Amino acid sequence: MRNQKKWIIIGAIAVVVIAVGAIGATRMNFSFGKQNKDEEVKQEVVRRGEFRVRVRESGNLRSFLEVDVRSNVEGEIVEIFVDEGQKVELGDPLLRIDDEQILEQKKQAEANLDARDAELKRAELQIQITEKQKDSTLAQAQNSVLKARATLDSFVATTQQRITEAETLVATTQNSLNQDIIGLKQAEIALEQANLTLERAQTTVESAKISFETTESEHERNKELFDKQLISKQALEDSQKQLIIAKSNYDTSLKEVESQRETIKSQEENTKAMEQAIESRRSTLALNEKNVATLKESLKAQRKQYEAELEDAQTRLEQIQETIEDEKELAIHARVGAEASRLEAASRLKSQQERHEWTTVTAPIAGTITRLIVEEGEIITSGRSAFSRGDAIMRIADLDQMIVRTQINQVEIGKIKLEQRAEISVDSYPGRIFPGRVSEISPSATPQGLQNQSSVITFEVDVEVIGSPSELRSGMSADVDIIVFEESDILQLPIPSVLSPEIFTVKANVNSADLGQFREGQELKIRNLVGKEFTGQVGEIAPEQNRGNLEILLEGDQKGLRTGPIEISIVISDQSVLPDIEAEVSSERQYFVMLDTGESNKEKKEEKGVKTHITIGQRNNTHFQITGGLKEGDRVFVPSMQELTKGEKSSDEEEE
């Protein structure tokens, strides 16, 4: 065996040496041929076709449903009915345990239940006897209570009527008193008003008197002036008239004062009369209120007497009832105790019956015996022990429902969804693919990954094997490809055809009137505030936007250009510069291809094709999904190794 391995190793080394020699010869021929002809140009064509993205992990096959069988009772195994690898159905007998001791315990439980039945019947008979002891004494006591209650109810009804009548009289007197008080207040207000009127009249008299005396003095002066012929007769007559009017006003004011004094005198007499009436009404009210209080006290005493008679009758009735109820309660308690004892005995009997049934262990599920641990004659413990679950005696697995349980990295877990299609392969059947689907995704990471901070965090995922072929065995290692994306008509391009450099993106706020100077792919420069220039090309133009409407892409390591808001000048040519442009700079990886346009690149002879910006979607192991920038049938040049390593990182490095 060792010699065979040795020759295999020697043969492998020989193959490697021959291959290396062939490669060296090829490179030598290539170097010689390069002197005479150009380097071979390789192209890829953008095409549509089937596109799949897979997440690959390994795991182990196991049955979806596995049960470790344990015995519900302890004892010696006297017979085993199954063998390892045998299929069983739900409820099929698996083994039998010696039941002699359990049968004896069952008989004791049956005898105990019979004794509890007899106790229950005796308690029920005692209750029937107590019920028959009620006699006429209880009925008489009940009638006495009814009679005393009727007398009290009648008295209460009459009492309420008498009290209501007395209180109504008090309320009527109170109402009349309130009316008198209101009348008195109104009279007092009228008296105050009359006094105010008198004061105003007296003020008027004083004013009229002053006016009269002034007018009289004026008239006397006018007489003297008239006698001296200093005023006309008309002026004298006018002063005469003024004197008469003033005398009349003065006399009238005196009469009004006298009349108002008479009115005040009348109001004062009326007020005194009303005050006397109110005092009389208050006396009447006090008398009525006293009568009500006296009536209530009298009726209260009588009510206490009737209530005492009712209470005596109820006490006698309760004494009689308590005697009977106590006897009945004792009988009921005895029956309850007997029922509880019977339930306990029945429960014990049921438990022993179950234990006897459990001496034959049956299959909890349909499946295959994958492991048989015990042998006939072995003593086993109960799986219902309070201290332990007991040892498993065998394992049953449903091999018709197989799954692969695997661990998915946290980076990939977001792509995994329930019901996703999967392809399963096992080492035992190379080249054969078994179909599957994602049946369960753990909502939390596996405990091992969480406890160790340095380890990769993974999530447990179950993949169901559709059909579960019989040749698959639990425990086999398996590789699982979960199809996370699958379309039949996707525009795509091989990964080596795509350049993915780190690109600085400048989103410039250009006036809409100036956007006509730009076109997509146009080469230009931007200049920062310190005068340093950076070469780039126009990306997307968005005339419908006011901000960020011009995208400029800068490839390579742009030293001196920082990300974030910036003010720039856009150098279209030496003669055309747009100054003071607000912009936002960001850095991200962009994707390009060297598009074959059918025209030679005269400006850059060393480059093949036109460098074209594209957008990608999904990616699998070999291809990119193309979402923009190319169409079906476009041809692109595959970059050489020198072009890929010229200041750029490959897309593979990005994914890592």
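Residues numbered from 1 in each chain as written. Predicted model: local features only at pLDDT ≥ 70, side-chain atom pairs only at ≥ 80, totals over all residues. Heavy atoms only, no water.

> Let's hear about the overall build of the protein: which residues, and what values?
Along its length, the protein carries eight helices and 25 strands. Out of the 656 residues in the protein, the part that is buried amounts to 31%. For the protein, restricting intrachain contacts to residue pairs at least 6 apart in sequence, the fraction spanning at least 24 positions comes to 76%. A total of about 41900 Å² of accessible surface is found on the protein, and carbon and sulfur atoms cover 49% of it. (Helix = DSSP H or I, 4+ residues; strand = E, 2+ residues; numbered from the N terminus. Buried < 20%, exposed > 50% of the residue type's maximum accessible area, 1.4 Å probe, protein only. Contact = heavy atoms within 4.5 Å. Areas by Shrake-Rupley, 256 points an atom, 1.4 Å probe, with all protein chains shown as cover.)

> So what's going on with the sheet that holds strand E18 (residues 533-541)? Residues and values would help.
Spatially, six strands are ordered E16-E19-E18-E17-E20-E21 in a closed barrel, and the strand pairing comes out antiparallel. Direction aside, neighbouring strands of the sheet carry axes that sit 45 degrees apart on average. Bridging between E18 and strand E19 (residues 550-555) involves three bridges; their strand directions are antiparallel. Directly across from glutamine 537, in E19, lies its bridge partner leucine 553. (Pairing = 2+ DSSP bridges. Axes fitted to C-alpha atoms, helices over the stretch in contact; angles between N-to-C directions.)

> How would you explain unusual backbone geometry if you had to name every residue and give the values?
Despite not being glycine, glutamate 419 has its phi angle at roughly 70 degrees, a positive value. Mapped onto the secondary structure, glutamate 419 falls in the loop between helix H5 (410-413) and strand E12 (421-426). For serine 468, which is not glycine, the phi dihedral falls at a positive 40 degrees. With respect to the helices and strands, serine 468 occurs in the loop between strand E14 (458-465) and strand E15 (477-494).

> Break down helix H2 (residues 100-131) for me, with residues and values.
The end-to-end C-alpha distance of H2, which contains 32 residues, comes to 48 Å, matching closely the 46 Å that a straight helix rising 1.5 Å per residue would cover. Those residues of H2 hidden inside the fold are in contact with helix H4 (233-358). (Expected span 1.5 Å × (residues − 1).)

> Summarise the packing of H2 against H4; cite the residues concerned and give the values.
Relative to each other, H2 and H4 sit at 165 degrees, their axes nearing to 8 Å. It follows from the interaxial angle that H2 and H4 lie roughly antiparallel. Taken as a pair, H2 and H4 cross one another with a handedness that is left-handed. Across the contact of H2 with H4, the residue classes break down as 15 nonpolar, eight polar and 14 charged. (Parallel < 35°, antiparallel > 145°, perpendicular 65-115°, else oblique. Left-handed = near helix turned anticlockwise from the far one by under 90°. Nonpolar A, V, L, I, M, F, W, Y, C, P; charged D, E, K, R; others polar.)

> Break down the pattern of salt bridges for me, with residues and values.
Inspection of every chain in the model, using the stated rule, returns 33 salt bridges. Of the charged contacts, one joins lysine 247 and aspartate 251 as a salt bridge, the two residues approaching to 3.0 Å between their closest N and O atoms. Linking lysine 247 with aspartate 251, this pair stays in helix H4, spanning four residues, or about one helical turn. Salt-bridge contacts for glutamate 423 lead to arginine 421; the nearest nitrogen and oxygen are separated by 3.4 Å. The exposure class assigned to glutamate 423 is buried, which follows from its relative accessible area of 17%. Linked by salt bridges that have partners in common, Glu50, Arg52, Arg54, Arg56, Arg421, Glu423, Asp481 and Glu486 make up one network. (Salt bridge = Lys/Arg side-chain N within 4 Å of Asp/Glu carboxyl O.)

> Which residues make up a negative patch on the surface, and what values go with them?
Residues Glu309, Glu311, Asp312, Glu318, Glu322, Glu325, Asp326, Glu327 and Glu329 make up a contiguous surface patch of negative charge. Residue placement: glutamate 322 occurs in helix H4. We classify glutamate 322 as partly exposed; its relative accessible area is 47%. (Patch = residues over 30% accessible without salt bridge, like charges linked within 9 Å, V, L, I, M, F, W, Y side chains within 5 Å. Lys, Arg positive; Asp, Glu negative; His and termini not counted. Charge placed at Lys NZ, Arg CZ, Asp CG, Glu CD.)

> I'd like a description of the environment of aspartate 489, backed by residues and values.
Among the secondary structure elements, aspartate 489 is positioned in strand E15. The spacing of aspartate 489 and glutamate 50 is 439 residues in sequence and 5.6 Å in space, taken between C-alpha atoms. Residues contacting aspartate 489, with those up to four places away along its chain left out, are Arg48 and Gly49.

> Explain the pairing of strand E13 (residues 434-445) residue by residue, including any values.
Judged from the four bridges that link them, E12 and E13 form a sheet pairing that is antiparallel. Along E13, the bridge assignment pairs alanine 422 with glycine 436. In this structure, E13 lies alongside E14, joined through six bridges in antiparallel fashion. Paired with isoleucine 441 across the strands is valine 461, a residue of E14.

> So what's going on with the environment of arginine 162? Residues and values would help.
Within the secondary structure, arginine 162 sits in helix H3 (residues 136-227). Residues arginine 162 and lysine 296, spaced 134 residues apart in sequence, show a C-alpha to C-alpha distance of 9.2 Å. In contact with arginine 162, other than residues within four places in its own chain, are Leu295 and Leu299.

> Lay out the packing of aromatic side chains with the relevant residues and their values.
The full count for this structure, using the stated rule, is four aromatic pairs. For the pair phenylalanine 51 and phenylalanine 485, a centre-to-centre distance of 6.1 Å together with 75 degrees between the ring planes defines the contact as edge-to-face. Of this pair, phenylalanine 51 sits in strand E2 (residues 47-63) while phenylalanine 485 is found in strand E15, placing the two residues 434 residues apart along the sequence. Note on phenylalanine 485: relative accessible area 18%, which makes it buried. A ring pair is formed by tyrosine 429 and phenylalanine 434, whose centres lie 6.3 Å apart and whose planes are at 75 degrees; its orientation type is edge-to-face. The ring of phenylalanine 212 carries the charged tip of lysine 247 above its face, separated from the ring centre by 5.9 Å. Its guanidinium or amino end placed over the ring of phenylalanine 592, lysine 611 lies 5.0 Å from that ring's centre, counting from NZ or CZ. (Phe/Tyr/Trp six-rings, centres within 6.5 Å; stacked < 30°, edge-to-face > 60°. Lys NZ or Arg CZ within 6 Å of the ring centre and 35° of its normal.)

> Account for the sheet that holds strand E5 (residues 87-88), with residues named and values stated.
In space, the four strands of this open sheet follow the order E3-E10-E8-E5, with antiparallel pairing throughout. Pairing within the sheet leaves two strands with one partner each, and these edge strands are strand E3 (66-69) and E5. Note: E3 against strand E10 (residues 394-397), four bridges, orientation antiparallel. Among the inter-strand pairings, glutamate 66 is bridged to a residue of E10, identified as alanine 397.

> Go over the pairing of strand E8 (residues 367-372), please, and point to the residues and values.
The pairing of E5 with E8 spans two bridges and is antiparallel. Looking across to E8, one finds that lysine 87 is bridged to threonine 368. Alignment of E8 against E10, held across four bridges, turns out to be antiparallel. If you follow threonine 368 over to E10, its bridge partner there is alanine 397.

> Lay out the nonpolar core in plain terms, naming residues and giving numbers.
Leu61, Ile416, Ile424, Val461, Val465 and Ile482 are the most contacted members of the largest nonpolar core, which totals 27 residues. Where this core is concerned, the elements lending two or more residues are E2, strand E11 (402-409), E12, E13, E14 and E15. It is E15 that provides the largest number of residues to this core, a total of six residues. When sequence neighbours within four positions are dropped, the list of residues in contact with valine 461 reads Val404, Arg405, Thr406, Ile408, Ile413, Ile416, Val438, Glu440, Ile441 and Ile482. (Core = buried A, V, L, I, M, F, W, Y, C linked by side-chain atoms within 4.5 Å.)

> Please set out the side chain of glutamate 423 residue by residue, giving values where relevant.
With respect to the secondary-structure elements, glutamate 423 resides in strand E12. For glutamate 423, the side chain forms a polar contact with the side chain of arginine 54, separated by 2.7 Å. (Polar contact = N/O pair within 3.5 Å; in protein donor to acceptor, adjacent residues only side chain to side chain.)

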